[in-house]
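For reference, the chains in residue letters:
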Amino acid sequence: MNTTSTPDHTLSAPAARDRSRLWAALTAALFVPGVVAAGLLTLVQESAARCLTYGEGCASGLPARWFIWGAGVAAVAFVVAMAAPAVRVRQAAVVVQILAECAALLVILSYV
């Protein structure tokens, strides 16, 4: 007679961790250095150098409404990503936050 028995309990995999809040905080923290880097990249262009050096070809100013719109949408999405109780809502908010931050950075890069 075989006395070895197999356990009846099944090994269940641990639930996948939702890291949407971590990604929201990380992308929000990297937005300011991204703005600084985008500004420096804009200043490296020849037209910006000509504007700074000789005052030629200077544009009137950064289209602030588009940058503020992108940064504002990113800020609202960040708040939603941090406060929403549902995982899918947080994940969608992180995607919107990343896209809005990219749009705001593209406004800076495409300015000159």
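Further up the page is the structure itself.
Figured I'd write up the structure that's included with this text. (Residues numbered from 1 in each chain as written. Predicted model: local features only at pLDDT ≥ 70, side-chain atom pairs only at ≥ 80, totals over all residues. Heavy atoms only, no water.)

**Quick look at the packing of helix α1 (residues 20–44) against helix α3 (residues 64–83)**
Moving on, step 1. Orientation of α1 relative to α3, taken along the N-to-C sense of each, is 155°, at an axis distance of 9 Å. Of the possible angle classes, the one that applies to α1 and α3 is roughly antiparallel. The handedness of the crossing between α1 and α3 is left-handed. Residues Arg-21, Ala-24, Ala-25, Ala-28, Phe-31 and Val-35 of α1 lie in contact with α3, whose contacting residues are Phe-67, Ala-71, Phe-78, Ala-81 and Met-82.
Moving on, step 2. Residue composition of the contact of α1 with α3, by class: 10 nonpolar, no polar and 1 charged. (Axes fitted to C-alpha atoms, helices over the stretch in contact; angles between N-to-C directions. Helix = DSSP H or I, 4+ residues; strand = E, 2+ residues; numbered from the N terminus. Parallel < 35°, antiparallel > 145°, perpendicular 65-115°, else oblique. Left-handed = near helix turned anticlockwise from the far one by under 90°. Contact = heavy atoms within 4.5 Å. Nonpolar A, V, L, I, M, F, W, Y, C, P; charged D, E, K, R; others polar.)

**Some points on the packing of α1 against helix α2 (residues 46–54)**
Each pair of packed helices can be described by the angle between their axes along with the distance between the axes.
Moving on, step 1. At a minimum axis distance of 5 Å, the contact between α1 and α2 shows a crossing angle of 80°. Judged on the interaxial angle alone, α2 and α1 are roughly perpendicular. From α1, Thr-42, Leu-43 and Val-44 reach across to α2, where they touch Glu-46, Ala-48, Ala-49 and Leu-52.
Moving on, step 2. Its residues assigned to classes, the contact of α1 with α2 comprises 5 nonpolar, 1 polar and 1 charged.

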